[in-house]
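# Results of the structural survey
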Amino acid sequence: MALLIAVKGWDTQTWVARLKARFPDRDIRSWPNAVGNPADIRYALTWKAPARVLSDCPNMELVFSLGAGVDHLLGQDDLPKVPIVRVVDPDLTARMSEWIALQVLLHHRQHLAYAAQQRERVWRELEQPSAGDLRVGILGLGVLGADAADVLKRLGFNVAGWSRSKKTLEGIDSFAGDAEFDAFLARTDVLVNLLPLTAETRGLVDRSVLEKLARDGVLGGPVFINAGRGGSHVEADLVAALNDGTLKAASLDVFETEPLSPDSPLWACENAILTPHVAADSDPEAISDYIAAQILRFEADGTLDNRVDPARGY
Ligand code: NDP
Ligand code: OXD
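Residues numbered from 1 in each chain as written. Chains lettered and ligands numbered in written order. Predicted model: local features only at pLDDT ≥ 70, side-chain atom pairs only at ≥ 80, totals over all residues. Heavy atoms only, no water.

## Describing the overall build of the chain
Each helix and strand in the chain was counted, giving 10 helices and 12 strands. Its C-alpha atoms give the chain a radius of gyration of 21 Å, near enough to 20 Å, the size a compact globule of 314 residues would have. Projecting the C-alpha coordinates of the chain onto the three principal axes gives extents of approximately 65 × 40 × 30 Å. Expressed as a percentage of its 314 residues, the buried residues of the chain come to 50%. Summarising the internal contacts of the chain: among those between residues at least 6 apart in sequence, 61% fall at separations of at least 24. Surface exposure of the chain reaches about 14,800 Å², of which carbon and sulfur atoms provide 51%. (Helix = DSSP H or I, 4+ residues; strand = E, 2+ residues; numbered from the N terminus. Rg over C-alpha atoms; globule rule 2.2 N^0.38 Å. Buried < 20%, exposed > 50% of the residue type's maximum accessible area, 1.4 Å probe, protein only. Contact = heavy atoms within 4.5 Å. Areas by Shrake-Rupley, 256 points an atom, 1.4 Å probe, with all protein chains shown as cover.)

Now the structure itself:
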């Protein structure tokens, strides 16, 4: 039985070496050049590999997404009907909360305005609201959203979250489902997206959503922060909203198409902070340990952590 590494855009050989270090006696194969007989493959570790790589393996038992998100997998036809496990890792979670806290703080502490003043050699103090007066609203209160909410709460922000099911998180207001979406938006100055990309969340943050955000907040206009997936926002609507004042500012780590095209009008938006999908890289050694431990446990007792529900899409 063999284990397949199928990654696109990453260094395959380094991933093979990582798995070899953990399983020296196993047959580790790699796509595209060393798959061998697909019938030998039982487990796959994948990131953005084409659909047929998995569907060609008739004896697959288990698929690991090498990221927290699984939209790269679930969008594929012919996905083998086997358990899919995604990455949940404290280091990745901490990195995401860092990036979210950094962006909220940059907007809260008026960094874009001070950077513009610095370029113009202007010494002017701006009025600074307290963190407790800024209402942050997080779309998605899963592993990443709940941690970011907790970090922001500890920084003193007024935090709420929106998810499919109601949550009980100390000091965080929980809104759930379509029925409570508008109330959540109406109390939000800074909207943070940490939703997975699914059929239901695709294109969710469009102009109509941005227009429902609070406009009476201490920053003088709403801010949108996206580190979930770019497919959950409508980029043309964001650009228009940044240009016409519907949005005061944005921080974007993810985009409808990545890499972001050099022609994208977003590059020219001075009120947008852009990063190239780096909010929370996974530490490959930690991820490899996590996967190796799951394989050993699966073989011992058939159990797995962090299984994806393909019907739900996350
Ligand atoms: P989880 O599965 O733990 O959490 C997902 C959350 O979204 C849950 O709270 C879930 O609700 C909620 N949700 C899903 N669908 C809906 C819906 N239709 N309406 C309302 N709420 C919904 O995921 P993670 O927190 O681990 O990760 C979130 C995403 O972050 C990933 O899918 C990935 O896209 C992105 N990501 C981005 C990275 C980057 O570097 N930019 C790095 C890592 C991840 P409920 O709790 O009720 O089920
Ligand atoms: C992930 C990502 O899903 O890096 O892990 O986007």
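## So, the sheet that holds strand β9 (residues 190-193)
Spatially, β8-β7-β6-β9-β10-β11-β12 is the arrangement adopted by the 7 strands of the open sheet, whose pairing is parallel. Bordering the open sheet on either side are β8 (173-176) and β12 (272-274), each of which pairs with just one other strand. Strand-to-strand twist in this sheet, taken as the mean axis angle between neighbours without regard to direction, amounts to 15°. Sheet topology note: the strand β11 (residues 249-252)/β12 ladder contains 3 bridges and is parallel. From the neighbouring strand, Ser251 faces β12, where its bridge partner is Ile273. In the packing of helix α4 (residues 90-108) onto the sheet, the strands contacted are β6 (135-139), β9, β10 (223-226), β11 and β12, and the crossing angle to β10 comes to about 160°. (Pairing = 2+ DSSP bridges. Axes fitted to C-alpha atoms, helices over the stretch in contact; angles between N-to-C directions.)

## Looking at the sheet that holds strand β5 (residues 84-85)
Across a sheet, strands are paired by hydrogen bonds formed along the backbone, either parallel or antiparallel in direction. With parallel pairing, 5 strands are arranged side by side in an open sheet as β2-β1-β3-β4-β5. The two strands at the open ends of the sheet, each matched to only one other strand, are β2 (27-30) and β5. The sheet contact formed by strand β1 (residues 2-7) and β2 spans 4 bridges and is parallel. Bridging from a neighbouring strand, Ile5 pairs with Ser30 of β2. Helix α1 (residues 12-22) contacts β1, β2 and β3 (41-47) of the sheet and is inclined by roughly 170° relative to β2.

## Quick look at the nonpolar core
Ranked by size, the top nonpolar core spans 51 residues in total, and within it Ile100 and Val104 carry the most contacts. Among all residues touching Val104, those that are not within four sequence positions of it are Leu134, Val136, Leu152, Phe157, Val190, Val192 and Ile225. Judged by nonpolar contacts, the second largest core, of 27 residues, contains Phe181, Leu204, Val209 and Leu260. (Core = buried A, V, L, I, M, F, W, Y, C linked by side-chain atoms within 4.5 Å.)

## Side note on the site of ligand 1
Arg86, Leu144, Ser165, Lys167 and Tyr314 are the nearest of the 30 residues found near ligand 1. One nitrogen or oxygen atom from the main chain of Leu141 is found 3.0 Å from an oxygen atom belonging to ligand 1. Contact between ligand 1 and Arg164: a nitrogen atom at 3.0 Å from a main-chain N or O atom of the residue. Contact with the protein chains hides 92% of the accessible area of ligand 1, taken as 940 Å² for the molecule alone. Listing elements by their share of the shell around ligand 1, those giving two or more residues are α4, α6 (143-154) and β7 (158-163). Among the residues forming the shell around ligand 1, the class breakdown is 15 nonpolar, 8 polar and 7 charged. Two domains each put at least three residues into the shell around ligand 1: domain 1 (2-87 + 282-301) and domain 2 (90-274). (Near = heavy atom within 4 Å. Polar contact = N/O pair within 3.5 Å; in protein donor to acceptor, adjacent residues only side chain to side chain. Nonpolar A, V, L, I, M, F, W, Y, C, P; charged D, E, K, R; others polar. Domains from an automatic or database assignment.)

## Side note on the side chain of Ser97
Secondary-structure assignment places Ser97 in helix α4. Residues in contact with Ser97, not counting those within four places in the same chain, are Asp147, Ala148 and Val151.

## A short note on the domain arrangement of the chain
Domain parsing of the chain yields domain 1 (2-87 + 282-301) and domain 2 (90-274). A C-alpha centroid distance of 33 Å is found between domain 1 and domain 2. Summed over both partners, the interface of domain 1 with domain 2 buries about 540 Å², with 54% contributed by carbon and sulfur atoms. When residues of domain 1 are sorted by the area they lose upon contact with domain 2, Asp71, Ser282 and Asp283 head the list and together hold 58% of the total. (Buried area = accessible area lost by both parts, 1.4 Å probe.)

## Some points on the packing of aromatic side chains
Remark: the centre distance and the inter-plane angle together describe each pair of aromatic rings, the angle taken between the planes. Inspection of the entire model under this criterion finds 5 aromatic pairs. Among the aromatic residues, those joined into a ring-pair cluster are Trp10, Trp15 and Trp47. Above the ring of Phe23, the side-chain terminus of Arg26 is found at 4.3 Å from the ring centroid. The side chain of Arg312 reaches across the aromatic face of Tyr314, ending 3.9 Å from its centre. (Phe/Tyr/Trp six-rings, centres within 6.5 Å; stacked < 30°, edge-to-face > 60°. Lys NZ or Arg CZ within 6 Å of the ring centre and 35° of its normal.)

## Side note on the site of ligand 2
For ligand 2, the full set of nearby residues is Trp47, Gly67, Ala68, Gly69, Arg229 and His277. For ligand 2, an oxygen atom lies 2.7 Å from a polar atom in the backbone of Ala68. At a separation of 2.7 Å, an oxygen atom of ligand 2 approaches a polar backbone atom of Gly69. If ligand 2 stood free it would expose 210 Å²; the protein chains cover 85% of that surface. Of the residues in the shell around ligand 2, the class split is 2 nonpolar, 3 polar and 1 charged.

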